[in-house]
Amino acid sequence: MKPLDTFQELQEAASAISSSAPVERIRIVSEGSPQFLAKAIAWESMRRGFHFGPDAIHCEDVAGGLLGLLEAGERSEMKTVLVVPSVERLFERFLASPEEEREDFGQQVAGQWRRARAQLAARGMSFLWCNLAPYSDGLRGYLVGSGKASFSRQIGLIHQQLIEDAGAEVNLQVFDLASLCAEVGRGRTFDPRFWYQGRLAFALDFLPTLAFHLVASLLESRGAAPKVLVCDLDDTLWGGVLAEEGIEGIALGQEDSGSVYFQLHQWLKALRARGVLLALCSKNEESLVREAFRMHPACPLKWDDFAATRINWEPKSENIRSIAQELNLGLDAVVFIDDREFEREEVRRRCPEVIVPDLPEAPELRLGYLQRLGLFPQAVESETDRLRSAHFLREKTRQELQAEFEDYTDYLKSLEMKATVETLSPRNLERVLQLSHRSNQFNLLTHRYRREELHRKMEEADRSWLIVHLKDRIGDYGLIGVIEAGVDGEEARIENWFMSCRVLQRQVEVFMLNQLAGQLRSRGIIRLMGVYSPTSKNQLVRQLLPDLGFSPTGADGNWMLDLKEFRPQVTLISRLSHE
Amino acid sequence: MSDATSVSPEITEVFRRVLQQPDLELNRTTTADDVSGWDSLSHIQIVVALEKAFGIRFSSSEITDLPDVGALCDLIEAKQSG
């Protein structure tokens, strides 16, 4: 999966897809003429198995455009707003403003944008906001100038404000159009003919690239971003063939040809720290590879940095399938890098869902290439994200431990599982959001939250949350399970129930129901209702409600649990009070 | 110069692909009004696709001053030989 080269190719690629995905309306507010951008986004989303139906408006300034939506009584289901200011349009406004006001131009624009967002925030909208393409006004040659009124300075102020606002406003993400345009070059991103004649802010054949990255960013909040990067070793993570050159012979280090690989390692480490999992898939001798990671004097990545490793001579497609299985991920969450076209082709053919970038032949071009692909949009930062790799390491330890026990119950006992229970709070909100997007298998209703939705629900009294942290003697799983129940009089209804796949077969679901039942009974609730909503991935919980003692009500697949009669099942999880 | 009525198959092909009308036929007197879907937006798409196909570039005024397909054919021919 990569951006297509021309608008025409994108049109043809999309018309060949018969999309069955439901259309999701999104709003585009643009200072350029948005028709082509809207088409490109719709088509690009179809290439990824989604179907955005953009409803685009063209306005003189995006703040005015947004406020116009408010007056027009914006349809409430359009929660996602893509905002695309135009640097050309801003420069027109800049020159049209009185000279003495130009010093404050950037502050004013950023302020207008902020106020418009604040007005719409109450409608539960979230914004993907493009920053500004690079623009040289030519008024000072290439000297930026010390004048406070220089346009470059004003753009800088707008960018700075936008980033600060994104840190403060939960419903704002900033799309780095500036970097993307700088990378591609103005000659290819902007076509003055169609700016003057049709107010097109972008060259037609730049739109597939722009839409590719915009759609990736829009999908990020839906948990669709890749989660693991599988790496080859020889001539990918170091120069040369380990088995031939030996540990001293491979190119890796801070000098000469090794520095290319050293820098790649550093970048991969930073990616891992962001929560992206790393894995190894190499045709090699495992003992030699382990030794190389241990003994090499300048190897930033360590063996334990990899959440899964497959060092053998099996086809890479099979290894990647088994890595995905081990990490409980779909193949579409996998990116694979390898210097050899033969291996890439084998994986592409046998695992078409895997993202396989065309790594450049020359090693020095690869890091820049991977950076520009923007494959790992990650908006949400949470502590758990960074700890995720460590979890997989502990999981390996647990698997080894399990092998020592013949009886599964004995193994569970040996884990000494302890859980804490809490309600939705600012402290756990980011993780709840993230888990709602990442959890596929144990997900009864597959309702993916939005950040502003959770902020709103946190305040609602007719709601009961059961949020569970689990730890055992090997380590801390963190926040792994969530039930949201809506309360209406004496009845409660399960509106969401999902759990991390890391804690399957630990009786956590039984524990959760026990806790929820106790919590609801103490509020005087006598009935708990639930329904299973099937997806292609949640077969696992098809029988969850009847297995836990719910009875069919005969209506629309609804299940009911009589809380007056409910007797908790015993589990091997003990509840801790808050730490 | 081309003959009075025919339009080169390469040009027709570009129109067919952009407008997604595989059976579209053009002649030199065809105007935008004669072809469904040939509006100001798809005109931009056609221009960009023609530029790509023939390795040429139109100026702003050339794009707007095209009364019919014949004028377009002549312009492309002139640009290619120039």
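None of the values given here were measured: they were computed from a predicted structure.

Draft legend 1. Structural detail: the overall build of chain B. Per the secondary structure count, chain B includes 4 helices and 0 strands. For chain B, the α and β elements follow one another from N to C terminus as α-α-α-α. A compact globule built from 82 residues would reach a C-alpha radius of gyration of about 12 Å, and chain B, at 12 Å, matches this within 12%. For chain B, the spread of C-alpha atoms along the principal axes amounts to about 30 × 25 × 20 Å. Relative to all contacts within chain B whose residues are 6 or more apart in sequence, the contacts with residues 24 or more apart total 47%. With an accessible surface of roughly 4,400 Å², chain B has 50% of that area assigned to carbon and sulfur atoms. If you average the places of the 6 positive and of the 14 negative side-chain charges in chain B, the two averages end up 9 Å apart.

Draft legend 2. Broad picture of the pairing of strand 10 (residues 334–337) of chain A. Residues and elements named next belong to chain A. The two faces of strand 10 match: Val334 and Phe336 on one face and Val335 and Ile337 on the other face are all buried. One ladder, built from 4 bridges, connects strand 7 (residues 228–231) with strand 10; its direction is parallel. Pairing of Leu229 across the sheet is with Val335, part of strand 10.

Draft legend 3. Seen up close, helix 2 (residues 35–47) of chain A. For helix 2 of chain A, which comprises 13 residues, the first-to-last C-alpha distance of 19 Å matches the rise-based estimate of 18 Å (1.5 Å per residue) to within 8%. Judged by how many residues are buried, helix 2 of chain A sits mostly within the fold: 11 of 13 residues are covered. Among all positions in helix 2 of chain A, only Phe36, Leu37, Ala38, Ala40, Ile41, Ala42, Trp43, Glu44, Ser45, Met46 and Arg47 of chain A are buried. Buried positions along helix 2 of chain A lie against helix 1 (7–15), strand 1 (24–30), strand 2 (52–58), strand 3 (80–84) and helix 10 (207–220) of chain A together with helix 2 (40–54) of chain B.

Draft legend 4. A look at the sheet that holds strand 8 (residues 277–282) of chain A. Residue and element names in this part refer to chain A. In space, the 4 strands of this open sheet follow the order 9-8-7-10, with parallel pairing throughout. The outermost strands of the open sheet, each flanked by one partner alone, are strand 9 (306–311) and strand 10. Strand-to-strand, the axes of this sheet are offset by a mean angle of 20 degrees, without reference to chain direction. Helix-sheet contacts for helix 14 (residues 316–326) involve strand 7, strand 8, strand 9 and strand 10, and the interaxial angle to strand 9 is about 150 degrees.

Draft legend 5. Local environment of the packing of helix 12 (residues 258–273) of chain A against helix 16 (residues 366–373) of chain A. Residue and element names in this part refer to chain A. Packing of helix 12 against helix 16 leaves a shortest axis separation of 9 Å and a crossing angle of 25 degrees. Here helix 12 lies roughly parallel to helix 16, going by the angle between them. On helix 16, the residues touching Tyr261, Gln263, Leu264 and Trp267 of helix 12 are Arg366, Leu367, Leu370 and Gln371. Considering only residue class, the contact of helix 12 with helix 16 consists of 5 nonpolar, 2 polar and 1 charged.

Draft legend 6. Representation of the side chain of His159 of chain A. Residues and elements named next belong to chain A. Relative to the helices and strands, His159 is located in helix 6 (residues 151–168). Taking relative accessible area as the criterion, His159 reaches 18% and is therefore assigned buried. Of the polar contacts made by the side chain of His159, one reaches the backbone nitrogen of Leu132; its length is 2.9 Å.

About the cut-offs
The residue count restarts for each chain, going from 1 along the sequence in the order it is written. Chains carry letters from A onward and ligands carry numbers from 1 onward, assigned in written order. Totals for whole chains, interfaces and linings use all residues, but because this is a predicted model, local features are given only for residues with pLDDT of at least 70 and pairs of side-chain atoms are given and counted only at 80 or more. Side-chain metrics in this entry use all non-hydrogen atoms of the structure; hydrogen atoms and water are not considered. Runs of H or I in DSSP of at least four residues are treated as helices and runs of E of at least two as strands, each being numbered from the N terminus. Our radius of gyration looks at C-alpha atoms and nothing else; its globule reference is 2.2 Å times the residue count to the power 0.38. Working rule for contacts: check all heavy atoms of both residues, and any pair within 4.5 Å makes them a contact. Working definition of accessibility: Shrake-Rupley area with a 1.4 Å probe, residue cover restricted to the visible protein chains. When charges are counted, Lys and Arg contribute as positive and Asp and Glu as negative, whereas His and the chain ends are disregarded. All charge positions are set by atom: Lys at NZ, Arg at CZ, Asp at CG, Glu at CD. A 1.4 Å probe rolled over the protein chains alone gives each residue an accessible area, and that area as a share of the maximum for its type sets the label: buried under 20%, exposed over 50%, partly exposed in between. We call two strands paired when DSSP finds no fewer than two bridges between them. To estimate how far a helix should reach, multiply one less than its number of residues by 1.5 Å. Under this scheme, a helix contributes an axis fitted over its contacting stretch, all axes are lines through C-alpha atoms, and angles between N-to-C directions fall in the 0 to 180 degree range. An angle counts as roughly parallel when it lies under 35 degrees, as roughly antiparallel when it exceeds 145, as roughly perpendicular when it falls between 65 and 115, and as oblique in every other case. When residues are grouped by polarity, Ala, Val, Leu, Ile, Met, Phe, Trp, Tyr, Cys and Pro land in nonpolar, Asp, Glu, Lys and Arg in charged, and all others, Gly among them, in polar. Side-chain atoms alone can form a polar contact between residues adjacent in sequence; in general such a contact is a pair of N or O atoms within 3.5 Å, and within protein one must be able to donate a hydrogen while the other accepts it.

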